[in-house]
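Here's the letter readout for the chains.
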Amino acid sequence: MEFKTLPHSPELYEYALTHSLPLDDISRDLVRETHEALGPGEVTMQVSPEQASLLTLLTKLVGARTAVEVGTFTGLSSLSIARGLPADGRLICFDISEEYTSVARRYWERAGVDKQIELRIGPAAENLRTLPAEPHLDLVFIDADKVGYPAYWAELVPRMRPGGLLIVDNVLRHGYVLEPRNEADRAIAAFNDIVAADDRVEAVLLPLADGITLARRR
Ligand SMILES: C[S@@+](CC[C@H](N)C(=O)[O-])C[C@H]1O[C@@H](n2cnc3c(N)ncnc32)[C@H](O)[C@@H]1O
């Protein structure tokens, strides 16, 4: 069988970026600050530039007004989602770190989206339960601790309105879903099986960045 997905060279990746919706100056500054302030292990937590642009585009395509993010870090993905919301749209962010999200708060303010974003600090599995139980969410982005994904999925899918979009990052674990090295790899492999068998959604796992699943609530 012939595979149509190209292996990426750095040059081809750069070409794709220069032919995509570019990051604005504020997002670029956030990427730079995150890279300068944090070590290589932490920096990789940030979504890639093309994922950031994709989040803005998907938020607009879905016409999202009410969105949730699980795993905010220094704020690139939340800023990208907020940029796709209408003026009266709202994003609720869940994270456990005051330190990382203090950076996010500064950039939300600078971008003028701080009034649209509410940050809830604490373990997301518990805090998600405080959301209204009925289907009201248009878009969610899951990008926190990997062992928590099944719990986040279980809390969020029933809260999605029909046609709502769930976006999940790191679903390929750099390929280690095939041969898990640790608990996080095993959790994601099990999570991917849960999503594939879940007939409440129509899902596609895209080999973009570290793997991103798009799932539409039926
Ligand atoms: C991969 S980073 C998120 C990156 C972010 N989406 C971005 O693009 O910049 C994961 C985040 O999940 C948070 N996190 C880890 N465990 C958590 C938990 N149990 N509940 C909520 N957030 C958690 C971490 O503090 C970290 O900021």
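Refer to the structure above for everything that follows.
Because the structure is a prediction, the values reported are computed rather than measured. (Residues numbered from 1 in each chain as written. Predicted model: local features only at pLDDT ≥ 70, side-chain atom pairs only at ≥ 80, totals over all residues. Heavy atoms only, no water.)

Trainee: Honestly, the site of the ligand in this entry has me stumped. Any pointers?
Mentor: Neighbouring the ligand are 20 residues, the closest being V47, G71, S77, D95 and D143. One nitrogen or oxygen atom from the side chain of D145 is found 3.4 Å from a nitrogen atom belonging to the ligand. Interatomic distance of 3.5 Å between a side-chain N/O atom of Y152 and a nitrogen atom of the ligand. Here the ligand, which alone exposes 600 Å², has 90% of that area covered by the protein. Counting atoms within 2 Å of the grid points, the majority share of the ligand lands in the largest pocket. Grouping the amino acids of the shell around the ligand by side-chain chemistry returns 11 nonpolar, 6 polar and 3 charged. (Near = heavy atom within 4 Å. Polar contact = N/O pair within 3.5 Å; in protein donor to acceptor, adjacent residues only side chain to side chain. Areas by Shrake-Rupley, 256 points an atom, 1.4 Å probe, with all protein chains shown as cover. 1 Å grid on protein atoms, 1.4 Å probe; cavity = no way out; pocket = protein on both sides within 12 Å on 5 of 7 lines; lining within 4 Å. Sits in = over half its atoms within 2 Å of the grid points. Nonpolar A, V, L, I, M, F, W, Y, C, P; charged D, E, K, R; others polar.)

Trainee: I tried to follow the pattern of salt bridges on my own but got confused; where do I start?
Mentor: If charged atoms from side chains of opposite charge come close, those side chains can pair. Scanning the model with the defined rule gives 17 salt bridges in all. As a salt-bridge pair, K115 and D114 come within 3.2 Å of each other at their nearest N and O atoms. A salt bridge links D198 to R200, with the nearest nitrogen and oxygen atoms 2.7 Å apart. A relative accessible area of 30% means that R200 is categorised as partly exposed. Bridged by salt links that share partners, the residues D29, R32 and R110 form one connected network. (Salt bridge = Lys/Arg side-chain N within 4 Å of Asp/Glu carboxyl O. Buried < 20%, exposed > 50% of the residue type's maximum accessible area, 1.4 Å probe, protein only.)

Trainee: Looking at this model, I keep getting lost on the environment of E69. Mind explaining?
Mentor: Among the structural elements, E69 can be located in strand 1 (residues 66-70). Taking C-alpha positions, E69 is 4.7 Å from C93, a pair spaced 24 residues apart along the chain. Once residues within four sequence positions are removed from consideration, E69 is found in contact with S77, S78, I81, L91, I92, C93, F94 and F141. (Helix = DSSP H or I, 4+ residues; strand = E, 2+ residues; numbered from the N terminus. Contact = heavy atoms within 4.5 Å.)

Trainee: What is the right way to look at the side chain of T56 in this model?
Mentor: Its place among the elements puts T56 in helix 4 (residues 49-62). Polar contacts involving the side chain of T56 include one to the main-chain carbonyl oxygen of S80, which spans 2.8 Å.

Trainee: Is there a simple way to think about the packing of helix 2 (residues 25-37) against helix 6 (residues 98-111) in this case?
Mentor: Angle between the axes and distance between the axes are the two parameters that describe a pair of packed helices. Between helix 2 and helix 6, the least distance of the axes is 10 Å, while the angle of their chain directions is 165 degrees. Judged on the interaxial angle alone, helix 6 and helix 2 are roughly antiparallel. Of the two elements, helix 2 crosses helix 6, and the hand of that crossing is right-handed. Residue-level contacts link D25, I26, D29, L30 and E33 of helix 2 to V103, R106, Y107, R110 and A111 of helix 6. (Axes fitted to C-alpha atoms, helices over the stretch in contact; angles between N-to-C directions. Parallel < 35°, antiparallel > 145°, perpendicular 65-115°, else oblique. Left-handed = near helix turned anticlockwise from the far one by under 90°.)

Trainee: Looking at this structure, I do not really get the packing of aromatic side chains. What am I missing?
Mentor: Both the distance between ring centres and the angle between the ring planes are used here to describe each pair of aromatic rings. If you walk through the whole model with that rule in mind, you get 3 aromatic pairs. Ring geometry for F73 versus Y100: centroids 4.7 Å apart, planes at 70 degrees, classification edge-to-face. Of this pair, F73 sits in the loop between strand 1 and helix 5 (76-84) while Y100 is found in helix 6, placing the two residues 27 residues apart along the sequence. Accessibility expressed as a relative area gives 7% for F73, which makes it buried. A centroid spacing of 5.4 Å and a plane angle of 80 degrees characterise the contact between Y149 and F191, whose relative ring orientation is edge-to-face. One end of the pair, Y149, is in helix 8 (residues 149-156); the other, F191, is in helix 9 (residues 183-196), with 42 residues separating them in the sequence. Neither Y149 nor F191 differs from the other in exposure class; each is buried. Chaining the aromatic ring pairs together yields one cluster made of Y149, W153 and F191. Across the ring face of Y176, the terminal group of R181 is positioned such that the distance to the ring centre comes to 3.8 Å. (Phe/Tyr/Trp six-rings, centres within 6.5 Å; stacked < 30°, edge-to-face > 60°. Lys NZ or Arg CZ within 6 Å of the ring centre and 35° of its normal.)

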